[in-house]
Structures are given as structure tokens and as C-alpha cells.
Amino acid sequence: MVELLLLRAGETVHAVNVGEVAIHVGRAPGNELVVSDTTVSGHHLMAWKEGSTVWIKDLASTNGTFVNERRIRSVSAVQNGDRIRLGTTCVLQVRADAGDVSPRLRGRVLEDLRAGTRFPLSHDRFSIGSGADADLRLPDGPERAATLIIHSDGEVRLGTDEDEGPLALGVEFSVGDRAFRVSEVEDAQSATEVPAGERYPYRMTATLEGQFGAEATLEDIPSRRMHKIDSGNRAVILFLLGRRFEEDRLRGVPPEERGWCPDDEVMTGVWGRHGDENKLNVLLHRLRAELRVAGFDPWFIEKKQRFVRIRVTEVAIR
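Focus on the sheet that holds strand β3 (residues 23–26)
- Spatially, the five strands line up as an open sheet ordered β4-β3-β5-β6-β9, and their pairing is mixed. Edge strands, defined here as strands with exactly one partner in the open sheet, are β4 (33–34) and β9 (75–78).
- Pairing between strand β5 (residues 45–50) and strand β6 (residues 53–58): six bridges, direction antiparallel. Pairing of Trp48 across the sheet is with Trp55, part of β6.

A word on the pattern of salt bridges
- For the structure shown, the criterion picks out 24 salt bridges.
- Between Arg244 and Glu265 there is a salt bridge, with the nearest N and O atoms lying 2.6 Å from each other. Taken together, the positions of Arg244 in helix α2 (residues 232–251) and Glu265 in helix α3 (residues 263–271) put the pair 21 residues apart, joining distant regions of the chain.
- Judged by relative accessible area, Arg244 falls into the buried class, the value being 15%.

Here's the deal with a negative patch on the surface
- A cluster of acidic residues, Glu20, Glu50, Glu256 and Glu257, forms a negative patch at the surface.
- With respect to the helices and strands, Glu257 occurs in the loop between α2 and β24 (261–262).
- Accessibility expressed as a relative area gives 37% for Glu257, which makes it partly exposed.

Remarks on the sheet that holds strand β7 (residues 65–67)
- With antiparallel pairing, six strands are arranged side by side in an open sheet as β2-β1-β11-β10-β7-β8. Two strands bound the open sheet, and with one partner strand each, they are β2 (11–17) and β8 (70–72). Mean inter-strand twist for the sheet, computed between neighbouring axes without regard to direction, equals 30°.
- Examined bridge by bridge, β7 and β8 share three bridges and lie antiparallel to one another. By the bridge assignment, Thr65 is partnered in β8 with Ile72.

Criteria and thresholds
- Residues numbered from 1 in each chain as written.
- Predicted model: local features only at pLDDT ≥ 70, side-chain atom pairs only at ≥ 80, totals over all residues.
- Heavy atoms only, no water.
- Pairing = 2+ DSSP bridges.
- Helix = DSSP H or I, 4+ residues; strand = E, 2+ residues; numbered from the N terminus.
- Salt bridge = Lys/Arg side-chain N within 4 Å of Asp/Glu carboxyl O.
- Buried < 20%, exposed > 50% of the residue type's maximum accessible area, 1.4 Å probe, protein only.
- Patch = residues over 30% accessible without salt bridge, like charges linked within 9 Å, V, L, I, M, F, W, Y side chains within 5 Å.
- Areas by Shrake-Rupley, 256 points an atom, 1.4 Å probe, with all protein chains shown as cover.
- Lys, Arg positive; Asp, Glu negative; His and termini not counted.
- Charge placed at Lys NZ, Arg CZ, Asp CG, Glu CD.
- Axes fitted to C-alpha atoms, helices over the stretch in contact; angles between N-to-C directions.

Right, dumping it as C-alpha cells:
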């Protein structure tokens, strides 16, 4: 059993269970946990459980949500004992029976070797660049100069406009004139996957029988931005990855594991035979470049050793 405890002066005054159906916290009467605190928004927070992971989401609150005094902007995984502050004074605490919530493990941090600072890699993405939404903002250069992708099996990959590939712990890499490395430390929060619909609110439709053969259309649901991909193999690979995503969804594969397609299967589907991995990587690089120019985050196409997938909210295969 997992509960959110409402604390006052360090003492529990109320508790509410957290399950697979999301509960809501805020001042408004319709919340499952109603708090009378003027610094808390009417609908401030939602919390739910997926498997052994408890997730919370800030609902665009006015005064913010903080986990162990670190502000979260959207979705975050929480652990047994974590304290969640809503606004200025409202404090919740996560309480779970042994085995209900995944334990903290050794975690990873990004080290800025020039500044001597460390940044916990507490989610499955960490972006470096000049953009307002970058996790680590640099004053100059591209909005998204580099993206770290942290997979649940421990593999870390580094993606840039020029290249994408595995990154070993302790190996230095450069972004502009700054040197970084990823290290493993005690007591850092383990990486967690943000649900695909939160990270990539994209809808994709794909067919092998369009006007020009294979076609795929990608839509950013909130902004309604759309882009059609009708360039041969780029559309074919999206069709194959979308089909695997939808097959996994229908089979009930958990979202965090959904959509992984073996490289050999992808290459056979695109070229009719097993190709070399470099040829596949070139195709992915060109597809990501096209999507970046069209205004999409190219890292919704994920790669790890011997597998590739897309992470989207909805897929329609025709």
C-alpha cells in the first residue's frame, strides 16, 4: 500500500491511498485530498502508481511543487519517505510498505568539469543548450546542442545534431567549449522514464500505400503542428516502428517497454535484407534532421544497442 500523508508540524493529520487511478490534491472541493492552504492551487497535484513506481504531476500550479526541496515542472517519480511541498507551507510525505516502491539505487550525475558542478540525471532525458526548456542552459550555441538519453537498463547515449551513440561512464565529451562527463554516485536519484504522452505528445499516422508509396504524418497535439514524411525509407521506418508500437499496446506491454524493434527486423523491413548498422544509423540521422527542422524533438526516435523505437502518444497504421 502507498499513501500520501498530509503533515502539520511534522505530524500526520490525514492520509490518502495512491493507486493506479490518479488522485488529485488541491484547495478545490472535488479533489481526493483537499487542503486549506492559500498558497496551494485549486487543482495543484495529481499522483498515481504504475507497477512499483509512484508518479506525481504538478498541474501548472501557481506556487509550485517541490520534491525534497527540488522544484518539479511536470512529472516526477517519488520514493518512500520523499517529502512533497505544495506552495509555501503544505507538506506531504510518501509512505509505502516494504517492496511497494522501487528502492533508491546508485544514481548518475552529469559533471560540468569547468564549473565543478553536478546535475542529477533523475529522468530519462537531459538536454544541454541555449533553449529556455534546456535542463542545463548554455549562453551560446544551438537551443538543443546535446541530449543525454538514459535507458532503464543502464545504457546512456549522447545525441547531437551530428551524431548519436553510447556514452560510457567517466568518458569526457564536449558541448561547445564546455567539457562534461557522466559519473555514478551514491544517493543520486535513479533515472525514471517520463510517460511518453508527457514527454512527446505526438500523434503519428503511417501507411505503405500513400500517393508516393510509404507516407507518415506526425502531429504535435497541443500545438497542432504537422509534418508529412513521404521520403521513401524515412516513411517506411516510421511505419515499421509505429506498427510495433501499436502491436505492443494491444498486447498490454507497459508503456515504458513499448515499441522496441530489433535492428535486424527494421533493416529487413526497409531494405528487404539484413544491412549494416551504419546504414541504419545514417537513415535515422537524416530522419531526425528532417524532424528537427520541422520543429519536433528528434529524440522521440530512440536507439539503444541492437534496438530502435518511437515514443509517441498515439499511432494509427493504415
